[in-house]
Amino acid sequence: MKKAAVLGTGLIGGSLALCLKERTDMEVHGYDSSAESVRLAEASGVVHRGHTELEPAVEGADVIFLAVPVGSAPGLLEWLAGLPLKPSCIVSDVGSTKGKIVEHAGRLSRLGATFIGGHPMAGSHRSGVQAASSLLFENAYYVLTPIPATPLSEVQKLSRLLEKATRARLVIMDPAHHDRVVGAISHLPHILAAALVNQVADYNASNEWFHRLAAGGFRDLTRVAASDPVMWRDILLSNREAVLDLLEDWTEGMRRIREAVHNSDAGRIEGFFRRAKEAREGLPERRKPGMIPPAHEIYVDVPDIPGEIAGVAHLLGEEGINLRNIGVMENREDRAGVLRLVLNTEEEREKAEKRLKAGGYQVFTSE
Ligand SMILES: NC(=O)C1=CN([C@@H]2O[C@H](COP(=O)(O)OP(=O)(O)OC[C@H]3O[C@@H](n4cnc5c(N)ncnc54)[C@H](O)[C@@H]3O)[C@@H](O)[C@H]2O)C=CC1
Ligand SMILES: O=C(O)C(=O)Cc1ccc(O)cc1
């Protein structure tokens, strides 16, 4: 049996381990520096075996995934480079930045193992193994960042494994290009969300109406400000150059809109919002069926997840509707809980929607 080792059994490592366990025949080992995280991962069946020591976790492994904060990954990689790894081993990571880690990985390649940087473009503001889900990466992009020296056969091997396990859409990108793109669509937005929340918190300190009136738009825009501060500290430090460039552009953009407001320039202000509206509406659909067969999905708001999963499954069972998959979405802050149901056919999807609505549930056809 092939062996996979996941180093760092938190949200992403735990989710990846679950994917490998559920959809491949690999034996999945987990390692974490936190004994509690290892205990939880083992107890909840996220890994076949958990370890608090690195060596037994990676010994004889065919594939190793680093799923630790980006600031801890280079040190862990150095440590790995000193261990007797299986010579054909593929080592990958899931970090949100790629330039630094790919640079660090050179030493490992000299030992016979192949390092291929990776970044699943899905996650949540939550962290820890408790939030792990085998559905997390489904239909999301999963970026691999091989360098010119990386053997194509190894990239294909890893890509096929991840496609099967995560059901994500694998794409290949240059590490520096990845860091600039992800800097713009993920790192900068996290900074802005945090800045906005901090600014309003300052105002709220002397007048609580700021928080009391904070409704839909503010909450939508700032959900990611609830993310882990240590993880985001590491990401900014690791993607320093790209983030500095992006902040420069941001400051210039703010200067321009400030000027337009200062001059009461209605045309420019309207143009600013019109351009954004068109660009926002032109964003590609999030869940396009690519190589993955279309999923007939519905989303159900549920107040209390543990009790409600059974209730929903029961209602559908009564109607003879079979669920292909059921999962809990972790990325909605404005709703108590969201169940994602995957049906086998469009007909069954419609039937399920009707039945659940009749049963008093709030049902949505997109996330
Ligand atoms: N949270 C998200 O939405 C996403 C995160 N990522 C990346 O995934 C990586 C992991 O993030 P999460 O799973 O969210 O964090 P997490 O905090 O849920 O899990 C990290 C785990 O690593 C362990 N750990 C920390 N340092 C360690 C070390 N030196 N050796 C062994 N274990 C160590 C921690 O105990 C924890 O269990 C980060 O590099 C992050 O950039 C990538 C995509 C999405
Ligand atoms: O919660 C969200 O919307 C995120 O932004 C999750 C996320 C965090 C870090 C990544 O590198 C990729 C995705």
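Everything discussed here concerns the structure shown above.
Residues numbered from 1 in each chain as written. Chains lettered and ligands numbered in written order. Predicted model: local features only at pLDDT ≥ 70, side-chain atom pairs only at ≥ 80, totals over all residues. Heavy atoms only, no water.

Draft legend 1. Molecular detail of the overall build of the protein. A count of helical and extended segments in the protein gives 15 helices and 12 strands. In terms of overall dimensions, the protein is globule-like: its C-alpha atoms have a radius of gyration of 22 Å, near the 21 Å expected for 367 residues. Seen along its three principal axes, the alpha-carbon backbone of the protein occupies a region of about 65 × 55 × 40 Å. Across the 367 residues in the protein, those meeting the buried criterion constitute 45%. By sequence separation, contacts in the protein at least 24 residues apart represent 73% of the contacts at least 6 residues apart. If the 43 positive side-chain charges of the protein are averaged to one point and the 49 negative ones to another, these points end up 2 Å apart. (Helix = DSSP H or I, 4+ residues; strand = E, 2+ residues; numbered from the N terminus. Rg over C-alpha atoms; globule rule 2.2 N^0.38 Å. Buried < 20%, exposed > 50% of the residue type's maximum accessible area, 1.4 Å probe, protein only. Contact = heavy atoms within 4.5 Å. Lys, Arg positive; Asp, Glu negative; His and termini not counted. Charge placed at Lys NZ, Arg CZ, Asp CG, Glu CD.)

Draft legend 2. Region of the structure containing the nonpolar core. In this structure, Leu 20, Phe 65 and Tyr 142 are the most contacted members of the largest nonpolar core, which totals 36 residues. Those elements giving two or more residues to this core turn out to be β1 (3–7), α1 (11–23), β4 (63–66), β7 (141–145) and α7 (152–166). Considering each element in turn, this core owes the most residues, seven residues, to α1. Judged by nonpolar contacts, the second largest core, of 25 residues, contains Leu 54, Val 68, Leu 85 and Cys 89. (Core = buried A, V, L, I, M, F, W, Y, C linked by side-chain atoms within 4.5 Å.)

Draft legend 3. View of the site of ligand 1. Not every one of the 26 residues close to ligand 1 is listed here, only the nearest: Ile 12, Asp 32, Val 68, Ser 96 and Gly 128. Asp 32 places a side-chain nitrogen or oxygen 2.6 Å from an oxygen atom of ligand 1. In the environment of ligand 1, an oxygen atom lies 2.7 Å from a nitrogen or oxygen atom belonging to the backbone of Gly 128. Its free accessible area being 830 Å², ligand 1 has 85% of it covered by the protein chains. Here the residues of the shell around ligand 1 are counted per class, giving 12 nonpolar, 13 polar and one charged. (Near = heavy atom within 4 Å. Polar contact = N/O pair within 3.5 Å; in protein donor to acceptor, adjacent residues only side chain to side chain. Areas by Shrake-Rupley, 256 points an atom, 1.4 Å probe, with all protein chains shown as cover. Nonpolar A, V, L, I, M, F, W, Y, C, P; charged D, E, K, R; others polar.)

Draft legend 4. Spotlight on the environment of His 296. Its place among the elements puts His 296 in strand β9 (residues 296–301). Separated by 54 residues in the primary sequence, His 296 and Glu 350 place their C-alpha atoms 9.1 Å from one another. Setting aside residues no more than four positions away along its own chain, His 296 makes contact with Leu 341, Val 342, Leu 343, Asn 344, Thr 345, Glu 346 and Arg 349.

Draft legend 5. Geometry of the sheet that holds strand β2 (residues 27–31). If you trace the eight strands from one edge of the open sheet to the other, you get β3-β2-β1-β4-β5-β6-β7-β8, paired in mixed fashion. In this open sheet, the two edge strands, each paired with only one partner strand, are β3 (49–51) and β8 (169–172). Averaged over all pairs of adjacent strands, the angle between their axes in this sheet comes to 25°, without regard to strand direction. Note: β1 against β4, four bridges, orientation parallel. Within β4, the residue paired with Ala 5 across the bridge is Ile 64. In the packing of α7 onto the sheet, contacts are made with β4, β5 (90–93), β6 (114–120), β7 and β8, and the angle to β7 comes to roughly 160°. (Pairing = 2+ DSSP bridges. Axes fitted to C-alpha atoms, helices over the stretch in contact; angles between N-to-C directions.)

Draft legend 6. Seen up close, the packing of aromatic side chains. With the rule as written, the count across this model stands at four aromatic pairs. Seen from their ring centres, Tyr 203 and Phe 210 are 5.4 Å apart, and the 45° between their planes marks the pair as tilted. Taking the ring centre of Trp 209 as reference, the NZ or CZ of Arg 212 above it sits at 4.8 Å. (Phe/Tyr/Trp six-rings, centres within 6.5 Å; stacked < 30°, edge-to-face > 60°. Lys NZ or Arg CZ within 6 Å of the ring centre and 35° of its normal.)

Draft legend 7. Here's a closer look at the pattern of salt bridges. Within the structure shown, the criterion is met by 20 salt bridges. Between Lys 98 and Asp 93 there is a salt bridge, and its shortest N-O distance comes to 2.9 Å. Residue class for Lys 98 comes out buried when judged on its relative accessible area of 0%. Close ionic contact of Arg 233 with Asp 234 constitutes a salt bridge, the shortest N to O distance being 3.0 Å. Residue Arg 233 is classed as partly exposed on the basis of its relative accessible area of 48%. Given the relative accessible area of 9%, Asp 234 is considered buried. The network of salt bridges with common partners includes Glu 252, Arg 255, Arg 256, Glu 259 and Arg 268. (Salt bridge = Lys/Arg side-chain N within 4 Å of Asp/Glu carboxyl O.)

Draft legend 8. Seen up close, the packing of α1 against α7. For the pair α1 and α7, interaxial distance at closest approach is 8 Å and the crossing angle is 85°. By the angle between their axes, α1 is roughly perpendicular relative to α7. Contact with α1, carried on its side by Leu 16, Cys 19, Leu 20 and Arg 23, involves Leu 161, Leu 162, Lys 164, Ala 165 and Thr 166 of α7 and no other residues of that element. Broken down by class, the residue content of the contact of α1 with α7 amounts to six nonpolar, one polar and two charged. (Parallel < 35°, antiparallel > 145°, perpendicular 65-115°, else oblique.)

Draft legend 9. The arrangement of the site of ligand 2 in detail. All residues adjacent to ligand 2 are Ser 96, His 119, Gly 123, Ser 124, His 125, His 190, Arg 223, Val 224, Met 231 and Trp 232. Contact distances for ligand 2 include 2.7 Å between an oxygen atom and a side-chain N or O atom of Arg 223. With the chains in place, 83% of the 340 Å² that ligand 2 exposes on its own is no longer accessible. Counted by class, the shell around ligand 2 contains three nonpolar, six polar and one charged residues. In terms of domain composition, the shell around ligand 2 takes at least three residues from each of domain 1 (3–173) and domain 2 (177–281). (Domains from an automatic or database assignment.)

Keep in mind these numbers describe shape, not what the thing actually does.
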